[in-house]
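Below are the chains, spelled out letter by letter.
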Amino acid sequence: MTTIALYGIANCDTVKPTRAGAAEHGVDAAFHDYRRLGVPAEWLDAWIASLVVGRAHRALTASRASGTRGGTRTRMPRGRGF
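A quick note: this is a predicted structure, and the numbers were derived from the prediction, not measured.

## Some details on the overall build of the protein chain
If you tally the helices and strands in the protein chain, you get three helices and four strands. N-terminal to C-terminal, the α/β element order of the protein chain is β-α-β-α-α-β-β. Across the 82 residues in the protein chain, those meeting the buried criterion constitute 11%. In the protein chain, the share of contacts with a sequence separation of at least 24, taken over all contacts with a separation of at least 6, comes to 48%. Within the structure as shown, the protein chain displays about 6,800 Å² of accessible surface, and the carbon and sulfur contribution to it stands at 57%.

## Comments concerning a nonpolar patch on the surface
Judged by side-chain polarity, Val39, Leu44, Trp47, Ile48 and Val52 come together as a nonpolar surface patch covering roughly 440 Å² of accessible area. Along the polypeptide, Trp47 turns up in helix α3 (residues 41-66). The partly exposed category is assigned to Trp47, whose relative accessible area is 40%.

## Topic: the pairing of strand β2 (residues 28-33)
By the bridge criterion, six bridges tie strand β1 (residues 3-8) to β2 in an arrangement that is parallel. Paired with Ile4 across the strands is Ala29, a residue of β2. Of the crossover connections in this fold, the one passing from β1 over helix α1 (residues 15-24) to the parallel β2 is right-handed.

Rules used in this analysis
- Residues numbered from 1 in each chain as written.
- Predicted model: local features only at pLDDT ≥ 70, side-chain atom pairs only at ≥ 80, totals over all residues.
- Heavy atoms only, no water.
- Helix = DSSP H or I, 4+ residues; strand = E, 2+ residues; numbered from the N terminus.
- Buried < 20%, exposed > 50% of the residue type's maximum accessible area, 1.4 Å probe, protein only.
- Contact = heavy atoms within 4.5 Å.
- Areas by Shrake-Rupley, 256 points an atom, 1.4 Å probe, with all protein chains shown as cover.
- Patch = residues over 30% accessible without salt bridge, like charges linked within 9 Å, V, L, I, M, F, W, Y side chains within 5 Å.
- Salt bridge = Lys/Arg side-chain N within 4 Å of Asp/Glu carboxyl O.
- Pairing = 2+ DSSP bridges.
- Right-handed = clockwise from strand over helix to strand, strands pointing away.

Shown next as structure tokens:
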């Protein structure tokens, strides 16, 4: 059987029924309690990087779709990124 990883805080109202449901259905779930065990630094770095890239992409996409930037109609120059 495959073991899945379940991450959360042990006394969370969402985690409790999830862990119970996994046990009820015979799913082998290794639980990682963030409060007790913490979060590895490399995970935090990856999450922060994905948030920054995601927000920059959304802002650029919205700007291009609307054809506006700062309230005035502009055309985005080709070949230039952030």
